[in-house]
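Coordinate inspection notes
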Amino acid sequence: MNNEESKNEVISRDFIRTIIDEDLKEGKNSGKVHTRFPPEPNGYLHIGHAKSILLNYGISQEYGGKFNLRFDDTNPEKEETEYVDSIMEDVKWLGVDWEDRLFFASDYFDQLYAWAINLIEKGLAYVCDLNPAEMREYRGIPTEPGKLSPFRSRSVKENLELFEKMKNGEFPDGAKTLRAMIDMTSPNMNLRDPALYRIKRAHHHRTGDKWCIYPMYDFAHGQSDSIECITHSICTLEFENHRPLYNWFIEHIDNMPSKPRQIEFARLNLDYTVMSKRKLLQLVQENHVNGWDDPRMPTISGLRRRGYTSLSLKNFVEKTGVAKRNGITEVTLLEDSIRKDLNSHAQRVMGVVNPVKVIITNYPEDLVEELEAVNNPEDETMGKRKVPFSKELYIEKEDFQEVPHKKFHRLSPGKEVRLRYAYIVMCTGLVKDDNGEIAEIHCEYDPETKSGLSNSGKKVKGTIHWVSAKHAIDAEVRLYDRLFIDSDPSGNKEKELSELLNPKSLEVLENCKLEPFLKNAKSGDKFQFERRGYFNVDLDSTEDNLIFNRTVSLKDSWAKFNKK
RNA sequence: AGCCUCAUGGUGUAAUGGUAACACACCUCCCUUUGGAGGAGGUAUUUCAGGUUCGAAUCCUGGUGAGGCUGCCA
């Protein structure tokens, strides 16, 4: 083996996999790796969750371990079955298989209750009557220690009775909490006697009205991990300060099934995007978008509807890496991942989004030629198709300039251009309507230049796409652009979210003309409209009313040049 | 302010005491019946100050900057 080869063998490992490698080397968890994804069913999953899901699942697969899906449903007020369903659908769509390991934190409510009693018996938890305002006051601030709750000295017996009465519904909502007895002077606020249980008469999506007390996240999460024998509990940075508490429960509750290890990494952020569930919910509720799966949303369902594939998301997420540094990834990286995927897989097709009519004046009136077109130049096995050509065509408005820019090499008066898969045509005239708008472009074609003909060697600068007018099918096309004009909408503290919206994030074009090949396109089908971009057939598309969503445009150096 | 965490091109991540690299973005050029794809090249990086060392992005000390924590949310 030479030097170069040995260098290539050094696979770069992120810090989480490095930790797992070390744990394995030390013989921890008897060599097992078991991860989980713990969503709260209070909203739809977004691409940041996709990163976490794929990270956790990917690790479980790489190490020959297992992966659980567990709903963190400890706050019934915000949680709904609708979200449970959408989350499962999205996780599955990402290609992630939890096999028979679908769990709910609410499955563990009885066990959690028993463990709370265990802590009370050990003198490590107490029932507290402080109201929220008082509790806040007693907690103190980070720079100053808090004060001991006056209820901290209740006897074990009294605490046991009170806690039982809490469970039995003998106190009104919010009247009491069960708290851990840790350290009111800790610089880590999470350790200042955190609440374990609160009284809340809310209907739970799974346990119904069985409980009127519910465990807090901190009291449920680590223990749930332990019950499921999770070895590495991967979460985001904001839980760093919770880790001592996470470990405290594992250490102080008797006979915990296993000792999971919490590891935190930086969540994914994208520029021109908001990623918090609260803000996403706000966009939905204030109707700035059409629901959670609006193609402008960074939700998994939105991205799917937009036309992203799960493979492209997986590739993207891997490219963003895993680290502890907070940063903002550019959306161009996401766009690159879908272009790469679709470039090699998507069926090519011609579609005119902003049509203007072209008449080939020297072309026979009733002749229709079936021209051969390549389905995907990147993949010969995708074959070829026939495209009808006739005297009247539609081309893209922007492919014609009456007074052309010197670097514009498309159609303009007196100039020649190649019609993709067809002939070279020259523009010979124009017809304008009463408003001065171009109604018809007149061209003459050169029969010798038919595509594929041996003597069609004439060179022209540009090639444009077209659709035969009498064969064209109508469709609606939705052009999407970034939802926000601010590259960091969440970081903008001066303006409301609604003031940062891009007014042109959605452009609906009703009168688009597509080649007949697309007649039977089904929702979810993906195409490249040559020279325009990648398009996904929308969820609401029907045979009579075809709707295409633009996933992403093609890279366009002409458009870029024009901007300058 | 106290505690925790982080700091490498424009962006995101590598380099695990030994030549600072990869991807995206940006810019040139070539090629092209998609101004796509592809190819060739280019601009640009270790937060600062000390220290340890033959050698520091990496280890130590201090500074600076950024993020997190002060819910009976997760």
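Now for a look at the structure at hand. (Residues numbered from 1 in each chain as written. Chains lettered and ligands numbered in written order. Predicted model: local features only at pLDDT ≥ 70, side-chain atom pairs only at ≥ 80, totals over all residues. Heavy atoms only, no water.)

1. Quick notes on the packing of aromatic side chains
- This model, assessed by the stated rule, comprises 25 aromatic pairs.
- Ring geometry for Trp248 against Phe249: centres 5.5 Å apart, planes inclined by 80°, an arrangement best described as edge-to-face. For the pair formed by Trp248 and Phe249, the shared burial category is buried.
- Taken together, the aromatic side chains of Phe109, Tyr113, Phe163, Tyr197, Trp211, Tyr214, Phe219, Trp248 and Phe249 make up a single cluster linked through ring pairs. (Phe/Tyr/Trp six-rings, centres within 6.5 Å; stacked < 30°, edge-to-face > 60°. Buried < 20%, exposed > 50% of the residue type's maximum accessible area, 1.4 Å probe, protein only.)

2. What about the layout of surface pockets?
- For the largest pocket, the calculated volume is near 1700 Å³.
- At the level of secondary structure, the elements contributing two or more residues to the lining of the largest pocket comprise α11 (300–306), α13 (331–345), β21 (473–480), β22 (506–514), β25 (547–553) and α14 (557–563).
- Considered class by class, the residues forming the lining of the largest pocket number 21 nonpolar, 8 polar and 19 charged.
- Summarising the domain contributions, the lining of the largest pocket has at least three residues from each of domain 2 (277–347 + 476–563) and domain 3 (351–465).
- Considered as a void within the structure, the second largest pocket measures approximately 1200 Å³ in volume. (1 Å grid on protein atoms, 1.4 Å probe; cavity = no way out; pocket = protein on both sides within 12 Å on 5 of 7 lines; lining within 4 Å. Points joined across faces, edges and corners; volume = space filled by probe spheres on them. Helix = DSSP H or I, 4+ residues; strand = E, 2+ residues; numbered from the N terminus. Nonpolar A, V, L, I, M, F, W, Y, C, P; charged D, E, K, R; others polar. Domains from an automatic or database assignment.)

3. With respect to the nonpolar core
- Counting 35 residues, the largest nonpolar core has Ile47, Val91, Leu94 and Val96 as its most contacted members.
- Contributing elements (two or more residues each) for this core: α3 (47–62), β2 (66–71), α4 (81–93), α11, α12 (310–320) and α13.
- Take this core: its biggest share by element is 5 residues, from α3.
- Each of domain 1 (3–265) and domain 2 (277–347 + 476–563) accounts for three or more of the residues forming this core.
- Setting aside residues up to four positions removed in sequence, Leu94 forms contacts with Ala50, Ile53, Leu54, Ile300, Ser310 and Leu313. (Core = buried A, V, L, I, M, F, W, Y, C linked by side-chain atoms within 4.5 Å. Contact = heavy atoms within 4.5 Å.)

4. Re the protein's contact with RNA strand B
- Taken together, 73 residues lie near RNA strand B, and Pro142, Arg325, Arg348, Ser451 and Gln528 sit nearest.
- Within 4 Å of the protein, the contacting atoms of RNA strand B are 65% sugar and phosphate, with bases supplying the remainder.
- When contributions to the surface near RNA strand B are tallied by element, the ones reaching two or more residues are α6 (132–139), β6 (195–199), α12, α13 and α14.
- The leading source of residues in the surface near RNA strand B is α13, at 5 residues. (Near = heavy atom within 4 Å.)

5. Some thoughts on the side chain of Ser186
- By secondary structure assignment, the location of Ser186 is in the loop between β5 (177–180) and β6.
- On the accessibility criterion, Ser186 (5% relative accessible area) is buried.
- A distance of 3.0 Å separates a polar atom in the side chain of Ser186 from the backbone nitrogen of Asn188.
- When residues no more than four places from it in sequence are discounted, the contact partners of Ser186 are Leu191 and Arg192. (Polar contact = N/O pair within 3.5 Å; in protein donor to acceptor, adjacent residues only side chain to side chain.)

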